[in-house]
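Here is how the chains run, residue by residue.
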Amino acid sequence: MQANILIIDDDVELVELLSEYLGAEQFNCASAANGQEGIEMLQQASYDLILLDVMMPKMDGFETLKALRQKDKTPVLMLTARGDDYDRILGLELGADDYLPKPFNHRELLARIKAILRRFDYAKSLTQQQPVQIGKLHIDHNTHSVYINNQEVELTGTEYQFLDYLVQNLGQLISKETLSEQILGRRLMQFDRSIDMHISNLRKKLKEEESIEIKTVRGAGYRLVAHD
């Protein structure tokens, strides 16, 4: 699996270690020492994945992610302070696709990277599917775009995949474990709130469409239902 990865982190030693490790796994790595530099690099070249640290000078990871998500849908894996739930939750709210606490095992990082790339590659392969229309909600698989009443809804790549999976299983109860394995590409870990945050973000962005609803079944999972 070859891909271009941008590492945005001010820890020079860590960046060198990651570049060497990921390079040995056939990934092409570039790096930026702060958020502003990272944004400038994204304007000059395209990347398949961004590794984004939270604690940085000039622009921290949250400011950088917020700026990125205004016009860029490149998958973002955030590197957060160990045990800091606030960092993780805020990162997901701002549009991160996944997070990994520091310090981390390099094999775990590699697994997360491969999982993100696999699911985004799979999403690209679904472009031959027919568009989906539910009420005023329209999903265009060719462009990976979502519209409500002909107005585009800005979803991250991961939010789009969650919505698409729920639509494919309309009316069915989907467990968090299944969503984690099918969408995030990993087993659901105890106290992992990634699924809840992605679903929460989806609800906020789809609130204008009253013909569909993502229902929570406490202790079981989620169900997408369509109302007449």
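Basis of the calculations
- Residues numbered from 1 in each chain as written.
- Predicted model: local features only at pLDDT ≥ 70, side-chain atom pairs only at ≥ 80, totals over all residues.
- Heavy atoms only, no water.
- Axes fitted to C-alpha atoms, helices over the stretch in contact; angles between N-to-C directions.
- Helix = DSSP H or I, 4+ residues; strand = E, 2+ residues; numbered from the N terminus.
- Parallel < 35°, antiparallel > 145°, perpendicular 65-115°, else oblique.
- Left-handed = near helix turned anticlockwise from the far one by under 90°.
- Contact = heavy atoms within 4.5 Å.
- Pairing = 2+ DSSP bridges.
- Expected span 1.5 Å × (residues − 1).
- Buried < 20%, exposed > 50% of the residue type's maximum accessible area, 1.4 Å probe, protein only.
- Core = buried A, V, L, I, M, F, W, Y, C linked by side-chain atoms within 4.5 Å.
- Polar contact = N/O pair within 3.5 Å; in protein donor to acceptor, adjacent residues only side chain to side chain.
- Patch = residues over 30% accessible without salt bridge, like charges linked within 9 Å, V, L, I, M, F, W, Y side chains within 5 Å.
- Areas by Shrake-Rupley, 256 points an atom, 1.4 Å probe, with all protein chains shown as cover.
- Salt bridge = Lys/Arg side-chain N within 4 Å of Asp/Glu carboxyl O.
- Lys, Arg positive; Asp, Glu negative; His and termini not counted.
- Charge placed at Lys NZ, Arg CZ, Asp CG, Glu CD.

Peer 1: Any chance you could explain the packing of helix α6 (residues 157-168) against helix α7 (residues 176-184) here in plain terms?
Peer 2: Between two packed helices, both the angle of their axes relative to each other and the distance between the axes serve to describe the pair. The contact between α6 and α7 brings their axes to 10 Å, and the two run at 125°. Comparing their axes, α7 and α6 come out oblique. The handedness of the crossing between α6 and α7 comes out as right-handed. On α7, the residues that touch T158, Q161, F162 and Y165 of α6 are T178, L179, Q182, I183 and L184.

Peer 1: Looking at this structure, how should I read the sheet that holds strand β11 (residues 212-217)?
Peer 2: Note on sheets: strands pair through backbone hydrogen bonds, and any given pair is parallel or antiparallel. The 3 strands lie next to each other as β10-β12-β11, forming an open sheet whose pairing is antiparallel. The open sheet has two edge strands, β10 (173-175) and β11, and neither has a second partner. The mean angle between the axes of side-by-side strands here comes to 25°, regardless of whether they run parallel or antiparallel. Bridge count between β10 and strand β12 (residues 221-226): 3 bridges; the pairing is antiparallel. Directly across from L173, in β12, lies its bridge partner R223. Strands in contact with α7 are β10 and β12; relative to β10, the strand with the most contacts, it is inclined by about 70°.

Peer 1: Hey, could you run me through helix α8 (residues 194-205) in this one?
Peer 2: An α-helical turn contains 3.6 residues, so any two residues separated by three or four positions project in the same direction. Taking 1.5 Å of rise per residue, 12 residues should cover 16 Å, and α8 covers 17 Å from first to last C-alpha, within 8% of that figure. Restricting attention to buried positions, one finds in α8 the residues S194, I195, M197, H198, I199, N201 and L202. Elements that come into contact with the buried residues of α8 comprise α4 (85-93), β5 (98-102), α6, α7, β11 and β12.

Peer 1: How should I be thinking about the environment of I39 in this particular structure?
Peer 2: Along the chain, I39 falls in helix α2 (residues 35-44). Residues I39 and P101, spaced 62 residues apart in sequence, show a C-alpha to C-alpha distance of 23 Å. Apart from residues lying up to four places away in sequence, I39 is in contact with M59, T64, A67 and L68.

Peer 1: What is the right way to look at the nonpolar core in this model?
Peer 2: Note that soluble globular proteins tend to have their nonpolar side chains buried in a common cluster. Within the largest apolar cluster, 25 residues are counted, with the highest numbers of intra-cluster contacts made by V146, F162, L163 and L179. Every element with two or more residues in this core is listed here: β7 (137-140), β8 (145-148), α6, α7, α8, β11 and β12. Here this core gets 6 residues from one element, more than from any other, and that element is α6. The contacts of L163, once residues within four sequence positions are left out, are I139, V146, L155, L202 and L206. Counting residues in hydrophobic clusters, the runner-up holds 22 residues, among them L52, V54, F62 and L65.

Peer 1: I'm lost on the side chain of D9 in this one. Help?
Peer 2: Within the fold, D9 resides in the loop between β1 (4-8) and α1 (12-24). Within the structure, the side chain of D9 is placed 3.1 Å from the side chain of K102, a separation counted as a polar contact. Apart from the residues lying within four places of it in its own chain, the contact partners of D9 are L14, V15, A32, A33, D53, M56, L79 and K102.

Peer 1: Hey, could you run me through a negative patch on the surface in this one?
Peer 2: A grouping of D10, D11, E13, E16 and E20 is seen on the molecular surface, where their side chains present a negatively charged patch. By secondary structure assignment, the location of E16 is in helix α1.

Peer 1: Sorry, what's going on with α4 here?
Peer 2: When we look at burial in α4, the residues that qualify are D87, R88, L90, G91 and L92. The elements touched by buried residues of α4 are α3 (61-68), β4 (76-81), β5 and α8. Count one or two residues on from α4 and you reach G95, which has phi positive near 115°.

Peer 1: Quick question: what am I supposed to make of unusual backbone geometry here?
Peer 2: Glycine aside, a negative phi is what most residues show, and trans is what most peptide bonds show. Look at the link from K102 to P103: it is a cis peptide, with omega at -10°. Locating P103 in the fold gives a position in the loop between β5 and α5 (106-124). Backbone geometry places N149, a non-glycine residue, at a positive phi of 55°. Looking at the element boundaries, N149 is found in the loop between β8 and β9 (151-153). Overall, the relative accessible area of 48% leaves N149 in the partly exposed class.

Shape descriptors only; they carry no functional weight alone.
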